[in-house]
Amino acid sequence: MGKNSKTKKGSNKFGLGQFVWNGFNLTVGVAFLGSLALLANSPKDGGEGLGLNIIWIFIVMALITGSCAFAFSKLARFHNNDNNGGAYIFARTAFGKMVGFLVAMLGYILIPLMLANQVLMFVKANLDPTMATPGGTEWWNGWTTHLGNWKSLVFDLMGVVLSVVFCLAAFFGAKTFKKVSKYSLIVKWASSSFLIIFGVVAICLPSNSDNIQKWASNSSIDLSSFLKAFCACFYYFTGFETFATAGKTIKEPEKNISRGIMIVTVSAGIFYVLMTLLFMFAQSSFAQNINTGFWIPFKGMPELKWLIFAGPIIMIIATIAMRGNMVSQTTLYGGATLQPLSQEGYISNKFSQLNSSHFPVNAMKLNVIIVSLTIGIWLIIPDIIVGITDGKADFININTIISATSVFWIVIYVFVLAAILKYGAKGVINVKWYEGIIYILVMLCLTVVFAYHYIDLFMTGLAANAPTKDVVALCIEMCFMLAVVLLITFIYIFYYKPKYNKRLKTKPALQSKLNYEFRVLDGWLFLRGKIYVSALNFFHKRSKLINNNYDDLTSPKLQKKYDKDTEKFLKKSKKQLAMYLKYSEHVERFNAAHNNNSKKEIFRNNQEAIKFLAQVQSKIKTKPTDYLYLSIASKDLDD
């Protein structure tokens with residue numbers, strides 16, 4: 001962990017290193033291989049037969065989420081990220097209160113859905129024999145048959161109990177939360193490394209030498225299977241903005257959120273592509289449950305037969321640690337997503353209270369209640385239906401909840417992309433023409449995937465003689481979506497609007513203060529950092545040049561190089577200042593039009609920008625012989 005990951009003494013906020021580490025661990029893991037069992041495998045192995053096509057599909061998804069992440073990181077520079085909220089702040093600032101509330105609630109609903117997925121796989125991924133291999137035949141062969149059709153309910157209730165234990169970590173403050181996160185991640189990555197190492201071992205086995213040819217020969221794809229795979233796996237590339245909602249827990253959020261998002265997104269894309277390739281070389285088909293199914297090929301190898309027992313045990317421990325880490329983190333981020341809604345009055349004021357670790361404890365408690373209801377809708381009720389119908393309605397698998405979750409992510413990303421396009425059109429943010437084209441293409445792609453998901457869901461569920469499980473799947477998802485929309489509409493119309501109108505009459509100053517929190521920033525803090533780094537690099541480069549030519553500082557050739565470098569820096573910095581002043585005017589007008597008056601702040605920043613740049617330029621204009629002054633200038637700037 002680098003220096004950035006360490007917080008100052010007495011500070012409970014996360015530095016860039018810890019921020020990236022948490023984000024990477026929230027975003028990636030080896031569990032995605034379970035979805036590959038349903039997509040990449042040939043039809044005879046229970047999959048869609050995408051084979052090697054899954055690689056370029058992953059690359060496409062990485063590029064699309066990377067574009068969204070870039071838009072998100074760019075917006076983070078121009079918004080007050082010292083508050084919690086993430087995409088809610090962007091949508092609220094760009095499109096107003098109703099759209100902001102819609103995005104906030106959709107973003108929040110993702111948290112319970114993610115936790116429902118963790119609960120689903122907490123125990124079932126380790127104990128359910130039917131998930132071990134594509135054909136459902138495992139070496140411990142049907143040991144849960146005595147539970148009959150109620151085994152899913154038993155597994156999920158056990159997962160709920162384990163989840164409760166881990167979610168308590170977030171309620172004991174930053175110190176406890178960091179410890180639980182640290183040790184669970186150590187277990188997660190130690191065990192994942194164990195799996196990866198033996199994946200490499202499996203590649204070296206003679207019996208696996210032609211695996212990649214098998215994947216290639218069993219590869220087929222059409223538009224329908226591509227869209228299905230996209231919706232099922234898109235979930236694994238998302239999540240970079242979830243941890244960014246907790247802006248109050250991050251040091252220097254205007255800088256670290258932007259950097260952290262891009263680092264996590266790029267790292268996640270590389271990880272998924274490499275891991276998919278590794279395990280395609282290692283296995284000819286994927287088990288939906290990689291924890292147990294991966295080790296079956298070692299059964300016929302006496303020297304490695306011990307892996308049949310040791311492998312699953314280690315991976316069971318890994319699953320508990322991984323799911324536990326996700327549960328504890330999403331408990332915090334779920335509360336952090338609700339907390340800003342309380343500040344603006346969408347929900348009760350008591351949910352805006354923060355403890356000494358900047359954790360919204362009351363909002364986290366509300367989050368636990370909502371998560372419980374979501375788990376009931378998506379897991380417990382379907383489990384009961386499965387038991388009553390003798391297993392005919394058993395529709396819950398890894399991709400069921402993941403596909404529904406992907407749809408919510410898609411809606412949020414479309415709003416974020418729409419926000420940055422609006423800012424670009426208004427001249428508030430410098431959006432280059434090619435960036436705009438990319439954002440529009442990504443929006444169109446995401447819209448097509450969104451439409452396909454629901455068209456496919458309705459066509460499957462409403463088809464003549466549709467299986468009970470497909471009808472239940474349609475009912476559960478549509479009822480859930482309808483409940484979310486009705487809840488958002490009800491809260492906004494019957495709770496927030498009367499409260500807002502009353503506040504305008506009785507506390508107009510408070511409303512002005514709240515509006516001010518949603519102003520677009522002029523970007524001066526970010527630009528100042530860029531100029532500062534450029535100036536330091538200039539000084540360090542010039543000092544090195546002086547040291548290398550100390551005996552000939554009066555050389556005309558050296559002087560010419562100095563003058564050229566100086567002119568280049570001055571020209572670039574003047575251009576940056578001119579562009580900043582131009583866009584700050586647009587920002588001021590935009591904020592005034594949205595009742596977020598920032599005229600004084602922008603005027604102050606403009607004066608500071610002009611003064612700061614003048615100071616930097618005066619220090620830059622040194623001669624080769626002014627070595628002592630150059631050192632002092634560099635030190636002054638650094639201080």
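Look above for the structure.
So, here is what we can say about the structure in this document. If you're wondering where the values come from, they're calculated on a predicted model, not measured in any experiment. (Residues numbered from 1 in each chain as written. Predicted model: local features only at pLDDT ≥ 70, side-chain atom pairs only at ≥ 80, totals over all residues. Heavy atoms only, no water.)

Here we take up the side chain of Thr405. Within the secondary structure layout, Thr405 lies in helix 14 (residues 398-426). The exposure class assigned to Thr405 is buried, which follows from its relative accessible area of 1%. With sequence-adjacent residues up to four places away left out, Thr405 is seen in contact with Leu110, Leu113, Met114 and Tyr235. (Helix = DSSP H or I, 4+ residues; strand = E, 2+ residues; numbered from the N terminus. Buried < 20%, exposed > 50% of the residue type's maximum accessible area, 1.4 Å probe, protein only. Contact = heavy atoms within 4.5 Å.)

Turning our attention to a positive patch on the surface. The grouping of Lys432, Lys530, Lys541, Lys560, Lys564, Lys568, Lys571, Lys572 and Lys575 at the surface amounts to a positive patch. When residues of the positive patch are traced back to their parent elements, those giving at least two are helix 18 (524-548) and helix 19 (556-593). If one sorts the elements of the positive patch by residue count, helix 19 sits on top with 6 residues. Position of Lys560 relative to the elements: it lies in helix 19. (Patch = residues over 30% accessible without salt bridge, like charges linked within 9 Å, V, L, I, M, F, W, Y side chains within 5 Å. Areas by Shrake-Rupley, 256 points an atom, 1.4 Å probe, with all protein chains shown as cover. Salt bridge = Lys/Arg side-chain N within 4 Å of Asp/Glu carboxyl O. Lys, Arg positive; Asp, Glu negative; His and termini not counted. Charge placed at Lys NZ, Arg CZ, Asp CG, Glu CD.)

Moving on, we come to a nonpolar patch on the surface. A surface patch of nonpolar side chains, about 750 Å² in accessible area, is lined by Trp433, Tyr434, Ile437, Ile438, Ile440, Leu441 and Leu444. On the secondary structure map, Trp433 appears in helix 15 (residues 433-461). Using a relative accessible area of 66% as the deciding quantity, one classes Trp433 as exposed.

Let us look at the side chain of Glu477. Relative to the elements of secondary structure, Glu477 occurs in helix 16 (residues 468-506). Here Glu477 occupies a buried position and makes no salt bridge, while the nearest side chain of opposite charge, Lys228, is found at 13 Å. Separated by 2.5 Å, the side chains of Glu477 and His453 make a polar contact. Beyond its immediate chain neighbours, meaning those up to four positions away, Glu477 contacts Trp378, Ala404, His453, Tyr454 and Leu457. (Polar contact = N/O pair within 3.5 Å; in protein donor to acceptor, adjacent residues only side chain to side chain.)

With that settled, the discussion passes to the packing of aromatic side chains. The description of two aromatic rings rests on the distance between their centres and on the angle between their planes. In this structure the tally under the stated criterion is 27 aromatic pairs. Look at Phe408 and Phe480: their rings are 6.2 Å apart centre to centre, the planes differ by 75 degrees, and that puts the pair in the edge-to-face class. Here Phe480 lies in helix 16 and Phe408 lies in helix 14, a separation of 72 residues in the sequence. Here Phe408 and Phe480 have matching classes, each one buried. Measuring from ring centre to ring centre gives 5.4 Å for Phe538 and Phe569, while their planes differ by 45 degrees; the resulting arrangement is tilted. Taken together, the residues Phe538 in helix 18 and Phe569 in helix 19 connect sequence positions 31 residues apart. In this structure Phe538 comes out as buried when scored by relative accessible area, which is 10%. By relative accessible area, Phe569 is classed as buried at 9%. Put simply, the rings of Trp56, Phe226, Phe230, Phe234, Trp409 and Tyr413 touch in pairs and so form one group of aromatic residues. Taking NZ or CZ as reference, Arg519 lies 3.9 Å from the ring centre of Tyr516, over its face. (Phe/Tyr/Trp six-rings, centres within 6.5 Å; stacked < 30°, edge-to-face > 60°. Lys NZ or Arg CZ within 6 Å of the ring centre and 35° of its normal.)

The next thing to look at is the environment of Phe19. By the secondary structure assignment, Phe19 is in helix 1 (residues 16-27). Sequence separation between Phe19 and Gly260 is 241 residues, and the spatial gap between their C-alpha atoms is 6.7 Å.

Moving on: unusual backbone geometry. One non-glycine residue with positive phi stands out, namely Asn595, at about 60 degrees. The exposure class of Asn595 is exposed, given its relative accessible area of 58%.

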